[in-house]
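# Working through the structure, step by step
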Amino acid sequence: MNKLPLPEVDDINAIRSVADNHRLRSFPHLKPIVNDLHAGYVQYRLVGGDAETIVPMALEEAVRGFLRGHYDSPPAALSFILRMRNEDQQRICPMCGSKHRYTLDHLLPKEDYPEFAIYSANLVPACKCNTDRGQTVRGNAAGERVLHPYFDECMSGRLIAARFDNLGLIPRISLRILLDPRHRDYAAVTFHVRTVVEKGAILGRIKDCWVDLCRLPKLKIRALEQIPQSVVRLREILEHELAMVDEENRGKNSWDSAFIAGLLDVDVTQWLFERLTAPGRTPNDPLTTI
Ligand SMILES: [Zn+2]
């Protein structure tokens, strides 16, 4: 998960150009609905892409097809779609925090919301988590909806951390929500984490990180090539590593950030310190015996 800046695209101008282009198969079918699409875009921005609030438009089937078709094969006026498809492919997925390669995808699915099929604010770079989510945009309870990387400010903050229980080589691993339950986006964050983030391989990735940490601590936390002198110093080391990983990924909710944030739980830091400083252990020895 990650907050992204809103794309700088003149969507109204783009849709008008497409609707007026008599060389396109969609001509003249989009012309009568340009004002409705414009109003829909304004509404989308006003409510911050809130999937709970946006009501799908009633559009003729042919028009729905033209809009989806223009997303698949963008005419010149929609060249921003091609540009967005090629941007930032090396960065973390703003929807789930994985490091997997991007595709460009729709936050509100184009099957149910074709009116936003070519709207830049509805196009988010994502990994396969967004395909796996399918048509799901909201839950049954109030406030349950997918988060929107262009609008949900809470995505700038740290929202998740790993929780390690039964500490040992293979602990029990879960995800903990860090947001205050009284926060107005708490239901949305919880829904998004359960529906988008946890359905990916995040827990497997965190388990692999833990196993590597136990095998050779400096592999995961560079400063652990030396044995820390105190639990306070270990905490500083972990906080520094977390800040570096956040910086590298330009956000606080990558899978690796969630891993390190979980190491900062007091009981986990204490366990690590005891293992790191076990009598006779050298910096390259494992933390656990297999
Ligand atoms: Zn993803």
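All figures in this text were calculated on a predicted structure; none of them were measured in a lab.

Here the focus is the overall build of the protein. On a plain count of helices and strands, the protein comes out with eleven helices and four strands. By principal-axis analysis of the C-alpha atoms, the protein measures approximately 80 × 35 × 25 Å. In the protein, buried positions account for 51% of the 290 residues. Restricting to contacts in the protein with at least 6 residues of sequence separation, those with at least 24 account for 68%. When the accessible surface of the protein is totalled, it reaches about 14,000 Å², and 50% of it is carbon and sulfur. Side chains of the protein carry 38 positive and 38 negative charges; the gap between the two charge centres is 3 Å.

With that settled, consider the state of the cysteines. Under the counting rule described, the total for this entry stands at zero disulfides. Cysteine Cys-214 remains unbridged, with the sulfur of Cys-209 as its closest cysteine sulfur at 11 Å.

The next point concerns the pattern of salt bridges. Considering all chains together, one arrives at 24 salt bridges under this definition. Across the pair Asp-165 and Arg-172 runs a salt bridge, and its minimum N-O distance is 3.9 Å. A relative accessible area of 51% means that Arg-172 is categorised as exposed. Two residues, Arg-222 and Glu-241, come together in a salt bridge whose shortest N-O distance is 2.9 Å.

Before going further, it helps to spend a moment on the packing of helix α1 (residues 11–20) against helix α2 (residues 34–46). Viewed as axis vectors pointing N to C, α1 and α2 meet at an angle of 160°, and their least axial separation amounts to 10 Å. For the element pair α1 / α2, the angle class is roughly antiparallel. The way α1 lies across α2 gives a crossing that is right-handed. Between α1, through Asp-11, Ile-12, Ile-15, Arg-16 and Ala-19, and α2, the contact on the second element is made entirely by Val-34, Asn-35, Leu-37, His-38 and Tyr-41. Looking at the contact of α1 with α2, its residues break down into six nonpolar, two polar and two charged.

Let us now look at the coordination of the zinc ion. The protein atoms donating to the zinc ion are Cys-93 (SG), Cys-96 (SG), Cys-127 (SG) and Cys-129 (SG), with metal-donor distances spanning 2.3 Å. If you look at the zinc ion, its four donor atoms make angles of 100 to 117° with each other, and the shape they trace is tetrahedral. Mapping the donors of the zinc ion onto the primary sequence yields the spacing C-x2-C-x30-C-x1-C. Note that Cys-93 is positioned in the loop between α4 (79–86) and β1 (103–106) and Cys-129 in helix α5 (residues 128–133), a separation of 36 residues in sequence. With respect to burial, Cys-93 and Cys-129 carry one shared label: buried.

What follows concerns the domain arrangement of the protein. According to the domain assignment, the protein consists of domain 1 (11–133) and domain 2 (157–276). Put simply, the middle of domain 1 and the middle of domain 2, counted by C-alpha atoms, are 35 Å apart. Taken together, the ten residues of domain 1 in the interface contact ten residues of domain 2. Counting the surface lost from both domain 1 and domain 2, the interface buries some 930 Å², and carbon and sulfur atoms represent 59% of this. Summed over the shared surface of domain 1 and domain 2, the result is one salt bridge. With its nearest N and O atoms 3.9 Å apart, the salt bridge here joins Lys-99 to Asp-256. Residue composition of the side of domain 1 that touches domain 2, by class: four nonpolar, three polar and three charged.

Once that is clear, we can look at the packing of helix α9 (residues 231–249) against helix α11 (residues 266–276). Packed helix pairs are characterised by how far apart their axes lie and by the angle those axes make with each other. In contact at an axis separation of 10 Å, α9 and α11 are set at 110° when each is read in the N-to-C sense. By the criterion of interaxial angle, the relationship of α9 to α11 is roughly perpendicular. Relative to α11, the crossing made by α9 is right-handed. Residues Val-231, Leu-234, Arg-235 and Leu-238 of α9 lie in contact with α11, whose contacting residues are Thr-269, Gln-270, Leu-272, Phe-273 and Leu-276. In terms of residue class, the contact of α9 with α11 is made up of six nonpolar, two polar and one charged.

Among the structural elements, Ser-230 can be located in the loop between α8 (217–220) and α9. Residue classification places Ser-230 among the partly exposed residues on the basis of a relative accessible area of 29%. In this structure the side chain of Ser-230 is engaged in a polar contact, spanning 3.0 Å, whose partner is the backbone nitrogen of Arg-233.

The next point concerns helix α7 (residues 202–215). Counted at 1.5 Å a residue, the expected span for α7 with its 14 residues is 20 Å, and the 20 Å between its end C-alpha atoms agrees. Along α7, the positions that sit buried rather than exposed are Ile-202, Ile-206, Cys-209, Trp-210, Leu-213 and Cys-214. Within α7, the buried residues cover an arc of 135° as seen down the axis, which keeps them to one side.

The rules we used
Residues numbered from 1 in each chain as written. Predicted model: local features only at pLDDT ≥ 70, side-chain atom pairs only at ≥ 80, totals over all residues. Heavy atoms only, no water. Helix = DSSP H or I, 4+ residues; strand = E, 2+ residues; numbered from the N terminus. Buried < 20%, exposed > 50% of the residue type's maximum accessible area, 1.4 Å probe, protein only. Contact = heavy atoms within 4.5 Å. Areas by Shrake-Rupley, 256 points an atom, 1.4 Å probe, with all protein chains shown as cover. Lys, Arg positive; Asp, Glu negative; His and termini not counted. Charge placed at Lys NZ, Arg CZ, Asp CG, Glu CD. Disulfide = S-S within 2.5 Å. Salt bridge = Lys/Arg side-chain N within 4 Å of Asp/Glu carboxyl O. Axes fitted to C-alpha atoms, helices over the stretch in contact; angles between N-to-C directions. Parallel < 35°, antiparallel > 145°, perpendicular 65-115°, else oblique. Left-handed = near helix turned anticlockwise from the far one by under 90°. Nonpolar A, V, L, I, M, F, W, Y, C, P; charged D, E, K, R; others polar. Donors = N, O, S within 2.8 Å, 3.2 Å for Na, K, Ca; no water. Tetrahedral: all angles 85-135°; square planar, octahedral: opposite > 155°, others 65-115°. Domains from an automatic or database assignment. Buried area = accessible area lost by both parts, 1.4 Å probe. Polar contact = N/O pair within 3.5 Å; in protein donor to acceptor, adjacent residues only side chain to side chain. Expected span 1.5 Å × (residues − 1). Arc of directions from axis to C-beta.

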